Structures are given as C-alpha cells and as structure tokens.
Amino acid sequence: MPNITIAIDGYSSTGKSTVAKQLADWLNYLYIDTGAMYRAITLYAMEQEFIDEENFDREALIVSLPKISLAFKKNEAHGTHEIYLNGRNVSSEIRTLQVSEFVSPIATVSEVRRKLVEQQQQMARGGRVVMDGRDIGTVVLPQAELKIFMTASAKERAKRRYKELRERGDDVTFEEVLENVNERDRIDTTRKDSPLKKASDAIAIDNSEMNLEDQFHTILQLAQDRIAGRV
Ligand code: DC
C-alpha cells in the first residue's frame, strides 16, 4: 500500500482530532495532534509565569524554547495519544479553559511556530501520517495528498466544547466557552504568521449537521480514493 499524508485543518472544536484519530486507527497511520503541542508550550509558559491575564513576556518564552522538549506516546492500554512536556504527561492539564485562553497568543509567536513546524515535518517524514491543526495543509505539509478543512458554526462548536468541559468536571459557563471559541477564531485567522485558512486544494467539510459516523465515512472514502490513486 502506498503511503500518503493527510492534513486536517479547521476552526477550534470542529472535531478535527476525533476524525483524525479514527482515520489514523483505521488506516494504521500515525496520528499527530499539533494543537496539543501549542497547548503544551502554553502550559509551560503559564508555569514559568511568562503569561497571565495581564502580561505576556514573549522574549522570556523565546529564550526558553530550547529547554522545552515535547514527545507523543500512544497509551496502548487506553488507546489514547498522550503528550509529554519535558518527560511529564500533560495530556489532561492542557485541556483546561485557561490553557485555551492563552494558547492563541502563544501560537502567534513565530519562533514557537518555527520550532513546532520543524518537529512536525520530521515526524511526518515517512508518510502514513494524519496530522491535524490550523496550518498543516498550508505550511507544515503543503504536499499532503489529502487536505481537509473542517468548519461548523461557532454556536455548535461551543456547545460541543462546553459539554466536554462539563463532563470532565470543569466549572465553566456556556457564555465563557462561546466567547473563547469566538476569540480564538479571531486570533487564529488574523495572526500574521501562518493564519488559519483553507489551502486552495483542501476539501471543505461543514459538520454542523453531521454525526460522527457520517463524517468519518465521508473522510475515509476520500482517503481511500487518494490511496488507490497512488497504487
Ligand atoms: O486544536 P486545538 O484547539 O487544540 O489548538 C489550540 C490552539 O493552538 C489553536 O487555538 C491555535 C493553535 N494552533 C496553531 O496555531 N497551529 C496549529 N497547527 C495547531 C494549533
């Protein structure tokens, strides 16, 4: 079977990672969640007190970048993909609303992006990869054989994220989550370096009205067509 790379980009909480994981499992490909990498750097910046509600010391973060090491490991027992920040499993800590609030400003820093893009390109070198994020089809893997761009209404996305956060016991209101979704859209689409945008050869999928199964089968079919096209 030929090896292809699959890039899944889109707005926050469109379910990119869910479908990317399903696809990688089905095809026996490597799954790489690039949002988790930006989140782990954000957690580091919060812990070092480089960022809080009032201040963001970009220079201090940039100087510390060589001290940050990120790695993914698959937890075979749970079938989950875990991210390690300097050897510590931070998979759960990076999903709080507080990290979500700070991650977009962190992701505007070009030095951060350069470091992560390089690592992402290295991980994708052999093909057989499904990678999700904001700039995968445009910057990280412009040669990807299949590019998907996922969208859904902000309200629908906030509903999904709210449910997820409440289920894990986080004390948040729907309005806070909606505000975070809108604010992240604004920063992600307007930043100077690698803004979120659809690659010209990406296929757009609006999943506001789609269930997970339909979405998976639609994208799997596209992937199988691309793989067959390369035989
Ligand atoms: O996919 P996510 O919501 O976990 O991503 C968190 C943030 O990271 C998102 O708001 C923007 C940033 N990000 C990015 O700039 N580039 C990527 N490839 C992935 C995420």
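The structure reproduced in this document is the subject of the present report.

Quick notes on the rules
- Residues numbered from 1 in each chain as written.
- Predicted model: local features only at pLDDT ≥ 70, side-chain atom pairs only at ≥ 80, totals over all residues.
- Heavy atoms only, no water.
- Near = heavy atom within 4 Å.
- Polar contact = N/O pair within 3.5 Å; in protein donor to acceptor, adjacent residues only side chain to side chain.
- Areas by Shrake-Rupley, 256 points an atom, 1.4 Å probe, with all protein chains shown as cover.
- Patch = residues over 30% accessible without salt bridge, like charges linked within 9 Å, V, L, I, M, F, W, Y side chains within 5 Å.
- Salt bridge = Lys/Arg side-chain N within 4 Å of Asp/Glu carboxyl O.
- Lys, Arg positive; Asp, Glu negative; His and termini not counted.
- Charge placed at Lys NZ, Arg CZ, Asp CG, Glu CD.
- Helix = DSSP H or I, 4+ residues; strand = E, 2+ residues; numbered from the N terminus.
- Buried < 20%, exposed > 50% of the residue type's maximum accessible area, 1.4 Å probe, protein only.
- Pairing = 2+ DSSP bridges.
- Axes fitted to C-alpha atoms, helices over the stretch in contact; angles between N-to-C directions.
- Contact = heavy atoms within 4.5 Å.
- Parallel < 35°, antiparallel > 145°, perpendicular 65-115°, else oblique.
- Nonpolar A, V, L, I, M, F, W, Y, C, P; charged D, E, K, R; others polar.
- Phe/Tyr/Trp six-rings, centres within 6.5 Å; stacked < 30°, edge-to-face > 60°.
- Lys NZ or Arg CZ within 6 Å of the ring centre and 35° of its normal.

**Remarks on the site of the ligand**
In the vicinity of the ligand lie 17 residues, with R39, R113, D135, R184 and R191 positioned nearest. Separating an oxygen atom of the ligand from a side-chain N or O atom of R39 is a distance of 2.7 Å. S104 is positioned such that a nitrogen or oxygen atom in its side chain is 3.3 Å from an oxygen atom of the ligand. Here the ligand has 450 Å² of accessible area as a free molecule, and 97% of this is covered by the chains.

**Quick look at a negative patch on the surface**
Taken together, the side chains of E49, D52, E53, E54, E101, E175, E176 and E179 make up a negatively charged region of the molecular surface. In terms of residue count, the dominant contributor to the negative patch is helix α8 (residues 174–190) (3 residues). By relative accessible area, which is 38% here, E176 ends up partly exposed.

**As for the sheet that holds strand β6 (residues 129–133)**
Read across the sheet, 5 strands follow the order β2-β6-β1-β7-β8 without closing on themselves; strand pairing throughout is parallel. The open sheet has two edge strands with one neighbour each: β2 (30–33) and β8 (203–206). Averaged over all adjacent pairs, the angle separating strand axes in this sheet is 20°, with direction ignored. When strand β1 (residues 5–10) meets β6, the two strands line up parallel, connected through 5 bridges. Bridging across to β6, A7 finds its partner in M131. Those strands touched by helix α2 (residues 34–47) are β2 and β6, and its axis lies near 40° from that of β2.

**A few points about the side chain of R39**
Its location among the elements puts R39 in helix α2. No salt bridge is formed by the buried R39; the nearest opposite charge belongs to D33, separated by 6.5 Å. Ignoring anything within four residues of it in the chain, the contact list for R39 reads I94, R95, T96, V99, S100, V103, R161 and R184.

**A look at the packing of α2 against helix α4 (residues 97–106)**
As a packed pair, α2 and α4 sit with axes 9 Å apart at the nearest point and diverge in direction by 100°. Between α2 and α4, the angle is such that the two are roughly perpendicular. Only Q98, V99, S100, F102, V103 and I106 of α4 make contact with α2, whose side of the interface consists of Y38, R39, I41, T42, L43, A45 and M46. Residue classes in the contact of α2 with α4 are distributed as 9 nonpolar, 3 polar and 1 charged.

**What about the packing of aromatic side chains?**
One pass over the full model with this rule turns up 4 aromatic pairs. Ring centres of Y162 and F174 lie 5.9 Å apart, and the angle between their planes is 90°; this geometry places the pair in the edge-to-face category. Note that Y162 is positioned in helix α7 (residues 154–167) and F174 in helix α8, a separation of 12 residues in sequence. Its guanidinium or amino end placed over the ring of Y84, K73 lies 4.3 Å from that ring's centre, counting from NZ or CZ.

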